[in-house]
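# Structural overview
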Amino acid sequence: MAWFDRPHAEDLVEEHADTAADRAVLQSWVRDGYAIVEQVVPDELIDEMLADLDRVFTGDETHPDLEILDLQFEDGHRAKAAHAELMRVDRDERVAIRDRSNWRMHGFYRQSRAADRIRELPELRRLASMILGVDSHAPYSINFHNGSTQTLHEDSAVFHLGVPNLICGVWIACEDVEEGSGPLVYHPGSHRRQMFDG
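Remember, it's a predicted structure, so these values are computed and weren't measured experimentally.

## Concerning the overall build of the protein
- Regarding its fold elements, the protein presents seven helices and four strands.
- Reading the secondary structure of the protein in the N-to-C direction produces α-α-α-β-β-α-α-β-α-α-β.
- For the protein, the C-alpha atoms occupy an extent of roughly 60 × 40 × 35 Å along the three principal directions.
- Counting the 198 residues in the protein, one finds 34% classified as buried.
- Residue pairs in contact within the protein that sit at least 24 positions apart in sequence constitute 68% of those at least 6 positions apart.
- In the structure as shown, the protein presents an accessible area of about 12,800 Å², 49% of it carried by carbon and sulfur atoms.
- Each charge sign in the protein was given a centre, from 20 positive and 38 negative side chains, and these centres are 4 Å apart.

Encoded structure:
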């Protein structure tokens, strides 16, 4: 069982945090199942990654190992398209495909130095390791522009976990977010419910 799922986990926060800021993160995690941490990823690194994402649609380089999900080509929807297929259409049409699609990419850090640097940021890794109570790294990533439009779900249904709930997702806003503008929905405290309720 993860430390934060134990009875009276709030009493264990002091054992896992050294500073007041870290205690606040862990208290939120134990109580609500999430924590908000601001200004961890430098703006210039986000800008660099966004430029790399833009070049997927506007550049001249083909990424042989990149697949893009949910693209709307002129002749129809592609649930999954190799980047090479996208590169076979002219640049203006690639931009039009980007703009009319609710696209997403898995593992973009393999194509983008900036995305990989974000994934490996020491402070993100430290926070995830502190929350989970074990050394952590980020083996998965998803980049998207408009959000996945997924309904409420449990990530543990997708990822194999040896210990229930021993997972930490990091959502990074790549633009200023105001009240009501973010696509992320989470029900505070839902991590305490039995998994996979019918």
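## A look at the sheet that holds strand β1 (residues 67–73)
- The strand order across the open sheet formed by four strands is β2-β1-β3-β4, and the pairing between neighbours is antiparallel. Each having just a single partner strand, β2 (76–82) and β4 (142–144) make up the two edges of the open sheet. Put simply, the sheet's adjacent strands are angled 20 degrees from each other on average, direction ignored.
- In this structure, strand β3 (residues 104–106) lies alongside β4, joined through three bridges in antiparallel fashion. Following the sheet pairing, Met105 is matched in β4 by Asn143.
- Helix α3 (residues 43–58) rests against β1, β3 and β4 of the sheet, and its axis sits at about 110 degrees to β3.

How each quantity is defined
- Residues numbered from 1 in each chain as written.
- Predicted model: local features only at pLDDT ≥ 70, side-chain atom pairs only at ≥ 80, totals over all residues.
- Heavy atoms only, no water.
- Helix = DSSP H or I, 4+ residues; strand = E, 2+ residues; numbered from the N terminus.
- Buried < 20%, exposed > 50% of the residue type's maximum accessible area, 1.4 Å probe, protein only.
- Contact = heavy atoms within 4.5 Å.
- Areas by Shrake-Rupley, 256 points an atom, 1.4 Å probe, with all protein chains shown as cover.
- Lys, Arg positive; Asp, Glu negative; His and termini not counted.
- Charge placed at Lys NZ, Arg CZ, Asp CG, Glu CD.
- Pairing = 2+ DSSP bridges.
- Axes fitted to C-alpha atoms, helices over the stretch in contact; angles between N-to-C directions.

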